[in-house]
Amino acid sequence: MIEFRVEVGSGVPPYRQLVDQVEHALRLGHLHVGDRLPTVKEVAKRLVINPNTVLKAYRELEHKGLAKGRPGMGTFIERGLAGLPAEQQAELRADLEKWLATAHQAGMDSDGIAALVATVLHEFRPEEN
Amino acid sequence: MIWMTWRQHRTTLFILAAVFLGLAAVFVAVTVSAGPVSEHPTNPTGIHELLYRLELVNEVLLPLPALIGMFLGAPLLAAEYEHRTVRYAWTQSVSRWHWLSTKLLLLGSAVVLLATAFSTTHMWWYTTAGAPHEGPFRIFNQGPLSFPAACLFAFVVGVAAGTVLRRTVAAMGLTIAGTWAASIVFVNWLRPNYMTPVTDANGASTSGGWFLSQTAVRPEDFVGVDSGGRINGLIPVTTFQPADRFWTFQVIEAGLYLGLTVACVAVAFWWVRRAVA
Amino acid sequence: MTQSAITARNLGRRYGRAWGLQHCSLEVPAGRVVGLVGPNGAGKSTLMNLMVGLLRPTTGELELLGERVGPNTVLERVAYIDQEHSLYRDFTVREMLTAGRVLNRRWDDKIATDRLAELGIPLTAKVGRISGGQRAQVALAVALAKQPELLILDEPVASLDPLARREMMSTLMAAKADHDCTIVLSSHVVSELERLCDYLVVLDHGRVQLLGDIDELLEQHRLLFGPAVTEDLVSAHQHVLHREDLNGRVSLLVRGIRPVGDPSWQVQRVNLEELVMRYLAMPSRVAEEVFA
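Just so we're clear, the structure is a prediction, and the values are computed from it rather than from any experiment.

### Considerations on the overall build of chain B
Then step 1. Along chain B, the regular secondary structure elements total eight helices and three strands.
Then step 2. Starting at the N terminus and ending at the C terminus, chain B contains elements arranged as α-α-α-α-α-α-α-β-β-β-α.
Then step 3. Counting only residues that meet the buried cut, chain B has 49% of its 277 residues in that class.

### Remarks on the sheet that holds strand β6 (residues 78–81) of chain C
All names here are of chain C.
Then step 1. Read from one edge of the open sheet, six strands run β6-β7-β8-β3-β9-β10, paired in mixed fashion. The open sheet has two edge strands, β6 and β10 (207–213), and neither has a second partner. Across this sheet, the average inter-strand angle for adjacent strands is 15°, counted without regard to direction.
Then step 2. Two strands pair when backbone bridges link them, and β6 and strand β7 (residues 150–153) are joined in this way by four bridges, in the parallel orientation. Note that in β7 the partner of Ile-81 across the bridge is Leu-153.
Then step 3. Against the sheet, helix α1 (residues 44–51) engages β3 (33–37), β6, β7, β8 (182–187) and β9 (199–204), with an angle of about 150° to β8.
Then step 4. Helix-sheet contacts for helix α9 (residues 272–281) involve β3, β9 and β10, and the interaxial angle to β9 is about 30°.

### Considering the sheet that holds strand β3 (residues 235–241) of chain B
Residue and element names in this part refer to chain B.
Then step 1. As summarised here, the arrangement of the three strands in space is β1-β3-β2, forming an open sheet in which the pairing is antiparallel. Each having just a single partner strand, β1 (198–200) and β2 (210–217) make up the two edges of the open sheet. When the angles between neighbouring strand axes are averaged without regard to direction, this sheet yields 20°.
Then step 2. Sheet analysis places β2 next to β3, joined by seven bridges and oriented antiparallel.

### Quick word on the confidence of the model for chain B
Then step 1. For chain B, the mean per-residue pLDDT works out to 85, and 86% of the residues sit at or above 70.
Then step 2. Confidence, expressed as mean pLDDT per element, reaches its minimum in chain B at helix α2 (residues 46–56) of chain B with 66 and its maximum at helix α6 (residues 146–165) of chain B with 95.

### What to know about the interface of chain C and chain A
Then step 1. Every contact between the two is made by 20 residues of chain C and, on the other side, 19 residues of chain A.
Then step 2. Of the roughly 1,800 Å² buried at the junction of chain C and chain A (both faces included), carbon and sulfur atoms supply 51%.
Then step 3. Between chain C and chain A we count three salt bridges in total.
Then step 4. Residue Lys-56 of chain A pairs with Asp-215 of chain C through a salt bridge whose shortest N-O separation is 2.6 Å.
Then step 5. The interface formed by chain C and chain A contains 12 residue pairs in polar contact (both at pLDDT 80 or more).
Then step 6. With eight residues, helix α5 (residues 162–178) of chain C is the single largest residue contributor to the side of chain C that touches chain A.
Then step 7. Classifying every residue of the side of chain C that touches chain A gives seven nonpolar, three polar and 10 charged.

### So, the nonpolar core
The nonpolar side chains of soluble globular proteins are, as a tendency, buried together.
Then step 1. Trp-90, Leu-100 and Phe-155 of chain B together with Ile-6, Leu-26 and Leu-185 of chain C are the most contacted members of the largest nonpolar core, which totals 158 residues.
Then step 2. For this core, the leading source of residues is helix α5 (residues 96–130) of chain B, giving 13 residues.
Then step 3. Setting aside residues no more than four positions away along its own chain, Leu-185 of chain C makes contact with Val-33, Val-34, Gly-35, Leu-36, Met-48, Leu-153, Pro-156, Met-169, Leu-172, Leu-193, Leu-196 and Cys-197 of chain C.
Then step 4. Among the nonpolar cores identified, the runner-up in size contains 22 residues, and Tyr-15, Val-22, Ala-25 and Val-40 of chain A belong to it.

### Regarding the arrangement of the chains
Then step 1. Here the protein chains form two pairs of chains in contact, of which the pair with the most contacts is chains B and C.
Then step 2. With no contact between them, chain A and chain B keep their nearest C-alpha atoms 26 Å apart.

### Here we look at the interface of chain B and chain C
Then step 1. At the interface, 24 residues of chain B touch 31 residues of chain C.
Then step 2. Buried surface at the junction of chain B and chain C, both sides included, amounts to about 2,400 Å², of which 54% is carbon and sulfur.
Then step 3. There are five salt bridges connecting chain B and chain C.
Then step 4. The partner of Glu-95 of chain C in a salt bridge is Arg-10 of chain B, and the shortest N-O contact between them spans 3.9 Å.
Then step 5. Inspection of the chain B/chain C interface yields 15 residue pairs in polar contact (both at pLDDT 80 or more).
Then step 6. If you list the elements that add at least two residues to the side of chain B that touches chain C, you get α1 (2–34) and α4 (86–89) of chain B.

### Quick look at the packing of aromatic side chains
Then step 1. Applying the stated rule across the entire model yields 23 aromatic pairs over all chains.
Then step 2. With 6.1 Å between their ring centres and 85° between their planes, Tyr-88 of chain B and Tyr-88 of chain C make a pair best called edge-to-face. Residue Tyr-88 of chain B is found in helix α4, and its partner Tyr-88 of chain C is found in the loop between β6 and α2 (93–103); the two belong to separate chains. With respect to burial, Tyr-88 of chain B and Tyr-88 of chain C carry one shared label: buried.
Then step 3. Three or more aromatic residues joined by ring pairs form one cluster here, namely Phe-137, Phe-140, Tyr-194, Trp-210, Phe-246, Trp-247 and Phe-249 of chain B.
Then step 4. Sitting over the ring of Phe-76 of chain A, Arg-70 of chain A keeps its end group 4.3 Å from the ring centre.

### Notes on the confidence of the model for chain C
Residues and elements named next belong to chain C.
Then step 1. Confidence along chain C averages 88 in pLDDT terms, with 95% of residues attaining 70 or more.
Then step 2. Ranking the elements of chain C by mean pLDDT puts helix α10 (residues 284–291) last with 59 and α2 first with 95.
Then step 3. For this predicted complex, the interface score ipTM comes out at 0.86, while the overall pTM is 0.83.

### Looking at the domain arrangement of chain C
All names here are of chain C.
Then step 1. Segmentation of chain C into domains returns domain 1 (4–205) and domain 2 (216–290).
Then step 2. Distance between the C-alpha centres of domain 1 and domain 2: 35 Å.
Then step 3. Between domain 1 and domain 2, the buried area comes to about 720 Å², and carbon and sulfur atoms account for 78% of it.
Then step 4. The largest per-residue losses of area from domain 1 upon contact with domain 2 belong to Val-190, Glu-194 and Leu-200, which jointly make up 58% of the total buried on that side.
Then step 5. At the boundary of domain 1 and domain 2, one finds zero salt bridges.
Then step 6. Where domain 1 touches domain 2, the interface holds zero residue pairs in polar contact (both at pLDDT 80 or more).

### A short note on the pattern of salt bridges
Then step 1. With the rule as written, the count across this model stands at 32 salt bridges over all chains.
Then step 2. Note that Lys-45 of chain A is salt-bridged to Glu-118 of chain C, the shortest N-O span being 2.5 Å. With Lys-45 of chain A in helix α2 (residues 40–47) and Glu-118 of chain C in helix α3 (residues 109–119), this pair bridges two chains.
Then step 3. Relative accessible area serves as the criterion here: at 58%, Glu-118 of chain C is assigned to the exposed category.
Then step 4. Note that Lys-103 of chain B and Glu-80 of chain B form a salt bridge whose closest N and O atoms lie 3.7 Å from each other. With Lys-103 of chain B in helix α5 and Glu-80 of chain B in helix α3 (residues 64–82), the pair connects residues that are 23 residues apart, well separated along the chain.
Then step 5. The buried category is assigned to Lys-103 of chain B, whose relative accessible area is 0%.
Then step 6. Connected via shared salt-bridge partners are Arg-84 and Arg-87 of chain B together with Asp-82 and Glu-84 of chain C.

Criteria and thresholds
- Residues numbered from 1 in each chain as written.
- Chains lettered and ligands numbered in written order.
- Predicted model: local features only at pLDDT ≥ 70, side-chain atom pairs only at ≥ 80, totals over all residues.
- Heavy atoms only, no water.
- Helix = DSSP H or I, 4+ residues; strand = E, 2+ residues; numbered from the N terminus.
- Buried < 20%, exposed > 50% of the residue type's maximum accessible area, 1.4 Å probe, protein only.
- Pairing = 2+ DSSP bridges.
- Axes fitted to C-alpha atoms, helices over the stretch in contact; angles between N-to-C directions.
- Contact = heavy atoms within 4.5 Å.
- pLDDT = per-residue confidence, 0-100.
- Buried area = accessible area lost by both parts, 1.4 Å probe.
- Salt bridge = Lys/Arg side-chain N within 4 Å of Asp/Glu carboxyl O.
- Polar contact = N/O pair within 3.5 Å; in protein donor to acceptor, adjacent residues only side chain to side chain.
- Nonpolar A, V, L, I, M, F, W, Y, C, P; charged D, E, K, R; others polar.
- Core = buried A, V, L, I, M, F, W, Y, C linked by side-chain atoms within 4.5 Å.
- Phe/Tyr/Trp six-rings, centres within 6.5 Å; stacked < 30°, edge-to-face > 60°.
- Lys NZ or Arg CZ within 6 Å of the ring centre and 35° of its normal.
- Domains from an automatic or database assignment.

Here it is, written out as structure tokens:
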């Protein structure tokens, strides 16, 4: 089951953060079709957030067709998001780890690495073909 | 509300019951064991003498109503303000009017019952085994009607003081001052004038009545039936309230106290209504 | 359930010469978790006291759940917890529940006992002997057992340590999920309310400075950063609410999203705390015009 987290002060509304996290989990294969999302009460209680926010996030997921509420049972993942197969993901991850080790050996700390990744990601324009 | 009243005030009620019913029990026990005294005006002896002496120190029994006002009346609202529990009590479904009226009714009834238990047994002891020859006026303050009324008055003085002052100790002080002032006014100014006193030139005793004053007038100034008694050539004139006026006076005094009680209750309700908690 | 939980029309309360609350008009939809924010003395407690009938208004009207506030009216559908979590300290927890039952027409003992059992608070303990955090939880349990349609909490966690704060709010949010009620929370710390509330009322000097759905408010406002020299050109096409000088650069709070058209200017989302601080910094007149 997915573990939600909410960061305040980022300017991203908490309901948006929950939606994003479900989408991430679907892409990374941590959530699958048929999985049950935690109940509104569970999320509200554990994260100490407004249940209306959780409801709003779940409604948004339903609106996107990613999840569906079944009365009395909970909210279930209805559709996955196109993600890479697990083997391919593992390969890419291994490549990334190799690169990280290189950067570390070159003397970069994790803040520097994060800044570099963010900048490159921001400026990266994949060719459209 | 009945449960709340009981739960919040049971300790005070237990103590007051112990005091009042304990005293009542003493008077019953003493009266039953001794039996009535003879018709002869003799001075009491033994336990009667002890009680009689305590009676002489009227202050021993006089503050009883004030105790009720201080410990039952004053904290009724003042303690709620001090502990801020009034913010809980007055934000429930029960309205503050209902809250106050239930408490006043229940505790007021308890006060009247306890005070009546004390004053009736005390009266019984006094008129049978105590000092019946001295007449009932000597124990007027503890009379069966006026005493419960005075207790009820002291209770609501405490409540009103607590409502206005919102501090228990200050309200207790005001209660003492209020009940004391009321008793001074009643005993010295009001009570002698409930009915026109009887003036008697016989020089005789008041025969169990309430002696107010004695003067001597020259025979030429005297108007009325001259029985012939002279002291240094002057006619002694006694002013007093006859003993058979006791119950009338009790009713009048109780009525006056009840009037003051109603006034204090009105103050308490008015203040509570406009109070900011 | 009624559509509007709180309706105030020109509500005002005067203390002697000073107004504790003035020209307060607002309408809060039911089912929300409302944050009532403002500096100390802004009128938060005054508004709450008016809601629960501890104060009477000097001017205007106040309706809760569609009923005028007054004795024997709406209070049985409203629960209130004050800052000190005032309870009878010489009562046991169980006696406090009995008090709640006898003082209220609506009462469900199970709601309170379940919650207290879950938190491990013994019913036989004296209210004055348990910790501040536990006392707050008892106050909350007693309030929830009334099955309120509107729950009003005045600075509910101000007196608690961080762990007790979290537990208290966690219980509150779980309760909100269980029983769909409207909740009003006051605080002078905005960040505290960010994850808890979805509707905001900002008070200052006894007046409403800002109110509305939080997500909408965040969508409606933006911060613009740019050089001071081009400020006039940019602000001519914007609804500027507040400006701040930053060494030759300026930061503008604007309402509505319009193109800036100058690449030397940056447009940023505004977070709740910034938004509230900016509104508190602007004169009441400006804020009033926004919501007029």
